[in-house]
Amino acid sequence: MLRTGAEPEPHTNQNRTAFTPPRLSKRVQFSGSWSLERAKAGGCWLLGKHERLLVVGGRLREMVEKGENNCWPEFQLPGVSIGPFCTVGPSAKLGNSCQLHPGCHVFGDIELGDNCILLTGAIVGADLPGFTIIGSNNIIGHHAVVGVKCQDLKYKVIGDNNLIMGSCHIAHDCKVGNNNILANNTLLAGHVVVEDYTHTAGATVVHQFCHLGSFSFIGGGSVVAQDVPRYLMVSGDRAELRGLNLEGLRRHGFLNTEVKSMRRAYQKIFMPIDAQTGGIEDRLAEVVQNEELSNLPVVHSMVQSIRDSFDKNRRGICKFRHWSGS
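Description of the structure in this document. The written sequence of each chain sets the order in which its residues are numbered from 1. With pLDDT at 70 or above as the cut-off, local features in this predicted model cover only qualifying residues; side-chain atom pairs require 80 or more to be listed or tallied, and sums for whole chains, interfaces and linings still use all residues. Values shown for side chains rest on all heavy atoms present in the structure; no hydrogens or waters enter the calculation.

Turning to the environment of R315, a few remarks are in order. Counting from the N terminus, the helices are DSSP H or I runs at least four residues long and the strands are E runs at least two residues long. Here R315 lies in the segment after α7 (297-308). R315 sits 108 residues away from H207 along the chain, and the two C-alpha atoms are 9.8 Å apart. Throughout, a contact is declared for two residues whenever any of their heavy atoms are within 4.5 Å. Non-local contacts of R315, meaning those with residues more than four positions away in its chain, are made with H207, Q208, F209, C210, A225, Q226, D227 and S309. Polar contact is the term for a pair of N or O atoms within 3.5 Å; when the atoms are in protein, one must be able to donate a hydrogen and the other to accept it, and sequence-neighboring residues count only if both atoms are side-chain atoms. A polar contact of 2.7 Å, which involves the side chain of R315, links it to the backbone oxygen of A225.

Only strands that DSSP links by at least two bridges are regarded as paired with each other. Read across the open sheet, the 8 strands follow the order β3-β6-β9-β12-β15-β18-β21-β24; overall the sheet is parallel. Since the sheet does not close on itself, it has two edges, and those belong to β3 (87-88) and β24 (223-224), each with one partner. The sheet contact formed by strand β9 (residues 123-124) and strand β12 (residues 145-146) spans 2 bridges and is parallel. Looking at β12, one finds that V124 is bridged to V146.

For the rest of this paragraph, the subject is the pattern of salt bridges. We count a salt bridge whenever a side-chain nitrogen from Lys or Arg sits within 4 Å of a carboxyl oxygen from Asp or Glu. On inspection of all chains with the given rule, the structure shows 9 salt bridges. D227 is paired through a salt bridge with R314; the nearest N and O atoms lie 2.9 Å apart. Of this pair, D227 sits in the loop between β24 and β25 (232-235) while R314 sits in the segment after α7, and the two are 87 residues apart along the sequence. The partner of D237 in a salt bridge is R238, with the nearest N and O atoms 2.9 Å apart. The exposure class assigned to R238 is exposed, which follows from its relative accessible area of 53%. What emerges from the salt-bridge pattern is a single network uniting E247, R250 and R251. Burial here depends on accessible area, computed with a 1.4 Å probe over protein chains only, as a share of the maximum for the residue type. Under 20% is buried, over 50% is exposed, and the range in between is partly exposed.

Residues grouped as a nonpolar core are buried Ala, Val, Leu, Ile, Met, Phe, Trp, Tyr and Cys residues, joined through side-chain atoms within 4.5 Å. Counting residues in hydrophobic clusters, the biggest one holds 63 residues, and the most contacted among them are L112, I140, I170, L188, Y231, L241 and F270. The set of elements that each furnish at least two residues to this core consists of β7 (110-112), β25, β26 (240-244), α4 (256-270), α5 (280-289) and α7. Aside from chain neighbours lying at most four places away, what touches Y231 is S214, F215, S216, L244, N245, L249, F254, M262, V298, S301 and M302.

Here we take up the layout of surface pockets. Roughly 230 Å³ of volume is contained in the largest pocket. Lining the largest pocket we find N179, I181, Y197, T198, H199, S216, F217, N245, E247, G248, R251 and H252. Residue contributions to the lining of the largest pocket peak at 3 residues, all from helix α3 (residues 246-251). Grouping the constituent residues of the lining of the largest pocket by class yields 3 nonpolar, 7 polar and 2 charged. Note on definitions: the grid is 1 Å and covers protein atoms alone; a cavity is a set of points where a 1.4 Å probe fits but cannot get out; a pocket is an open set with protein on both sides within 12 Å along at least five of seven lines; lining residues have an atom within 4 Å of a point. Grid points are joined across faces, edges and corners, and a volume is the space filled by probe spheres set on the points. Ten residues, namely Ala, Val, Leu, Ile, Met, Phe, Trp, Tyr, Cys and Pro, are considered nonpolar, four, namely Asp, Glu, Lys and Arg, are considered charged, and the remaining ones, Gly among them, are considered polar.

All right, on to α7 then. A helix is expected to span 1.5 Å for every residue after the first. Relative to the 16 Å expected for 12 residues at 1.5 Å per residue, α7 spans 16 Å between its end C-alpha atoms, a close match to the ideal helical length. Listing the buried residues of α7 in full gives V298, V299, S301, M302, V303, S305 and I306. Tucked inside the fold, the buried residues of α7 contact β25, β26, α4, α5 and α6 (291-294).

Now for the packing of aromatic side chains. Two aromatic rings, taken as a pair, are described by how far apart their centres are and by the angle between their planes. Under the pairing criterion, centres of Phe, Tyr and Trp rings, with the six-membered ring standing for Trp, must be within 6.5 Å; the plane angle then separates stacked pairs below 30 degrees from edge-to-face pairs above 60, leaving the rest tilted. Counted by the stated rule, this structure contains 6 aromatic pairs. When the ring of Y266 is compared with that of F270, the centres are 4.9 Å apart and the planes differ by 50 degrees; the resulting orientation is tilted. Placement of both Y266 and F270 in helix α4 is noted, with a separation of 4 residues, approximately one turn of the helix. Assessed through its relative accessible area of 2%, F270 is described here as buried. On the basis of an interplanar angle of 80 degrees and a centroid distance of 6.2 Å, the ring pair of Y266 and F320 is categorised as edge-to-face. Taken together, the positions of Y266 in helix α4 and F320 in the segment after α7 put the pair 54 residues apart, joining distant regions of the chain. Take F320: its relative accessible area is 11%, and that puts it in the buried class. Three or more aromatic residues link up through ring pairs in this structure, and these residues are Y197, F215, Y231 and F254.

Each axis is a line fitted through C-alpha atoms, taken for helices only over the stretch in contact, and angles between the N-to-C directions span 0 to 180 degrees. Contact pair α5 / α7: the axes reach a minimum separation of 11 Å and the direction vectors enclose 160 degrees. Classed by the angle they form, the pair α5 and α7 counts as roughly antiparallel. The two elements α5 and α7 meet at a crossing, and its hand is left-handed. Between α5 and α7, the contacting residues are E281, L284, A285, V287 and V288 on the first element and V299, V303, I306 and R307 on the second. Residues belonging to the contact of α5 with α7 are distributed by class as follows: 7 nonpolar, no polar and 2 charged. Each angle receives one of four descriptions, namely roughly parallel if under 35 degrees, roughly antiparallel if over 145, roughly perpendicular if within 65 to 115, and oblique otherwise. In this scheme the crossing of two helices becomes right-handed for a clockwise turn of the near helix relative to the far one and left-handed for an anticlockwise turn of less than a right angle.

Let us now look at the pairing of β25. Only one face of β25 is buried: it carries L232 and V234, and the other face, with M233 and S235, is open. Pairing between strand β23 (residues 217-218) and β25: 2 bridges, direction parallel. Counterpart to I218 in the pairing with β25 is V234. Of the pairings in the sheet, the one linking β25 to β26 comprises 3 bridges and is antiparallel in character. In the strand pairing of β26, S235 is matched with E240. The hairpin turn running from β25 into β26, its antiparallel successor, is 4 residues long, and G236 in that turn takes a positive phi close to 105 degrees.

Without other data, these values stay purely geometric and don't point to any function.
Now the structure itself:
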């Protein structure tokens with residue numbers, strides 16, 4: 001990990017033969033009036049005069065203040081690629097092999113894992129109290145915004161292997177798991193929890209404090225105002241349950257027996273033959289008591305996800321469009 005405030009070891013004559021020039025040494029610029037002309041030539045944006053270095057600090061700043069203007073080839077960012085017009089705050093940590101495309105910005109107390117890619121215009125973090133952790137192998141798309149001007153001033157957490165497409169917005173105190181796909185213009189309000197392998201289609205809006213369960217799918221243009229249980233699919237304004245996410249389950253290798261059992265459980269919970277079978281809790285209990293269904297972990301996981309949504313401080317689940325019972 002590279003911390004912007006760290007003091008990298010300067011290159012010396014003893015190891016000159018082993019020195020490999022930084023990939024972007026000519027584009028790495030530093031704040032302060034001394035580097036203004038170089039910044040214009042290199043195409044990098046200045047954060048502030050005499051206060052911050054754009055990429056690295058410590059020993060490098062000391063060399064700059066001494067007037068050693070040829071110091072930047074003495075340092076390299078291990079595997080990190082930073083394009084022109086980027087800004088990286090002094091408290092940021094960039095993992096190995098991160099790529100910052102032109103015009104993206106990383107602010108505040110933030111940590112990016114290895115192999116993250118920020119495409120043009122992406123903005124991550126803010127110079128406000130709070131902490132943002134982003135895992136490894138994430139792609140943050142063009143003009144996406146993660147954790148800017150958090151209201152509760154706490155933290156944002158994003159796991160590994162996520163694809164966050166262009167113009168997405170992830171607000172304060174969100175938790176995003178692993179292997180998720182957030183399509184263009186997906187907007188997550190504060191305190192939203194996204195589990196693993198969730199897929200949102202374009203222009204999806206998620207209300208604050210909602211939970212999106214693992215392997216769920218949210219149709220394009222949906223407004224999600226309540227929780228989406230695991231393995232299910234919702235769409236509409238307001239989003240309603242539309243059945244199992246069959247295509248997603250197939251792509252992730254679920255067995256036919258598991259899918260058929262989840263379908264039977266779904267029908268018992270949301271499409272009862274007898275309208276007088278009681279409320280949602282009664283139907284969940286019926287599924288649990290069914291020996292054939294309750295023995296499957298995926299069915300138990302789906303039932304538990306629905307029950308958790310009715311806990312205190314949760315918002316309940318999206319309604320089935322032909323909802324019967326309570």
